[in-house]
Amino acid sequence: MLKVSGLDVFYGDAQALDGVSLEVAEGSIVAIVGANGAGKTSLIRTIAGINRPARGQIHFRGLDIAGAPSYKVCDLGIGQVAEGRQVFPTLSVSENLDMGAMLPRARATRERNRERVLDLFPRLRERLSQAAGTLSGGEQQMLAIGRCLMGAPELVMFDEPSLGLAPTVVQQVLATIRDLNREGLTCVLVEQNVAVSLRLAARAYVLENGRVTLSGTGKELLADDRVRQAYLGM
Ligand SMILES: Nc1ncnc2c1ncn2[C@@H]1O[C@H](COP(=O)(O)OP(=O)(O)O)[C@@H](O)[C@H]1O
Ligand SMILES: [Mg+2]
């Protein structure tokens, strides 16, 4: 579904991604593992059309989208849930959801998507008129995911979705991602809980200093000594 080949990304003179290649099969969860500063967010933002690559291709369903503007990428069906839950704090829950449905691809199915999101997150239904900035961290993350789903994406990239959340909410967010995947959503997952993300993932890639240094099935990486030492503390 998604194929990234030889991606280079720079911030000024500093190289953030160096020849990154990866593949995401339709219907799968693919985990990206790496330390702080490894380039995970840069990779997601480049696929999303926010950063422009200096070199490389990004094929989505066969179409090269490298360098395409983000609204086009979104409208092709690639959504992202950005690091740090970027909800609009002064807008209500309901208005935040509406913002997600402004893509041309999502307009016709807006009401149906809204019902689906509110069924998925009943807490949002109870708080539709509440300002998003007054929600708890977990509720804001649900809203960020819900807003993304309002765009009717086929592939969603989750950047640290459980960062800063209470342990029970972490489990809830990760279970939601697992359930969405079971319903057919293809997912790219960057997650601090490396063990959980590798268990969920069909494939996984390890990023170090902007390069893919290791890849395999989630199971293979869970059993890999280098991964266990560096990311699982074993
Ligand atoms: N907007 C930016 N301007 C300059 N450097 C950046 C910017 N965003 C990220 N970087 C740098 O790029 C590298 C990769 O960062 P990032 O993609 O955020 O990593 P990760 O998400 O894995 O923590 C880091 O060295 C970081 O300092
Ligand atoms: Mg990051």
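**Structural notes on the domain arrangement of the protein chain**
Domain boundaries in the protein chain define domain 1 (1-77 + 154-234) and domain 2 (85-153). If you look at the interface, domain 1 gives 20 residues, while domain 2 gives 16 residues. Summing both sides of the interface, domain 1 and domain 2 together bury roughly 1,300 Å²; the carbon and sulfur share of this comes to 66%. For arginine 116, the salt bridge goes to glutamate 183, with nearest N and O atoms at 3.4 Å. At the boundary of domain 1 with domain 2, the tally comes to five residue pairs in polar contact (both at pLDDT 80 or more). Elements with a contribution of two residues or more to the side of domain 1 that touches domain 2: α2 (70-75), β7 (155-159) and α8 (167-182). The greatest single-element share of the side of domain 1 that touches domain 2, amounting to five residues, is contributed by α8. A class-by-class count of the residues in the side of domain 1 that touches domain 2 yields 13 nonpolar, three polar and four charged.

**Focus: the nonpolar core**
If you look at the biggest cluster of nonpolar residues, it comprises 43 residues, and the most contacted ones within it are Leu124, Leu143, Ile145, Phe158 and Leu198. Each of domain 1 (1-77 + 154-234) and domain 2 (85-153) contributes no fewer than three residues to this core. If near-sequence neighbours (up to four positions away) are discounted, isoleucine 145 is found in contact with Val81, Phe121, Phe158, Val173 and Leu180. Counting residues in each nonpolar core, the second largest holds 28 residues, with Met1, Val4, Leu155 and Val190 among its members.

**What to know about the coordination of the magnesium ion (ligand 2)**
Thr41 (OG1) and Glu83 (OE) make up the full set of protein donors to the magnesium ion (ligand 2), lying at 2.0 to 2.7 Å. Here glutamate 83 lies in the loop between β6 (78-81) and α3 (93-100) and threonine 41 lies in helix α1 (residues 40-47), a separation of 42 residues in the sequence. Assessed through its relative accessible area of 32%, glutamate 83 is described here as partly exposed.

What counts, and where the lines are drawn
- Residues numbered from 1 in each chain as written.
- Chains lettered and ligands numbered in written order.
- Predicted model: local features only at pLDDT ≥ 70, side-chain atom pairs only at ≥ 80, totals over all residues.
- Heavy atoms only, no water.
- Domains from an automatic or database assignment.
- Contact = heavy atoms within 4.5 Å.
- Buried area = accessible area lost by both parts, 1.4 Å probe.
- Salt bridge = Lys/Arg side-chain N within 4 Å of Asp/Glu carboxyl O.
- Polar contact = N/O pair within 3.5 Å; in protein donor to acceptor, adjacent residues only side chain to side chain.
- Helix = DSSP H or I, 4+ residues; strand = E, 2+ residues; numbered from the N terminus.
- Nonpolar A, V, L, I, M, F, W, Y, C, P; charged D, E, K, R; others polar.
- Core = buried A, V, L, I, M, F, W, Y, C linked by side-chain atoms within 4.5 Å.
- Buried < 20%, exposed > 50% of the residue type's maximum accessible area, 1.4 Å probe, protein only.
- Donors = N, O, S within 2.8 Å, 3.2 Å for Na, K, Ca; no water.

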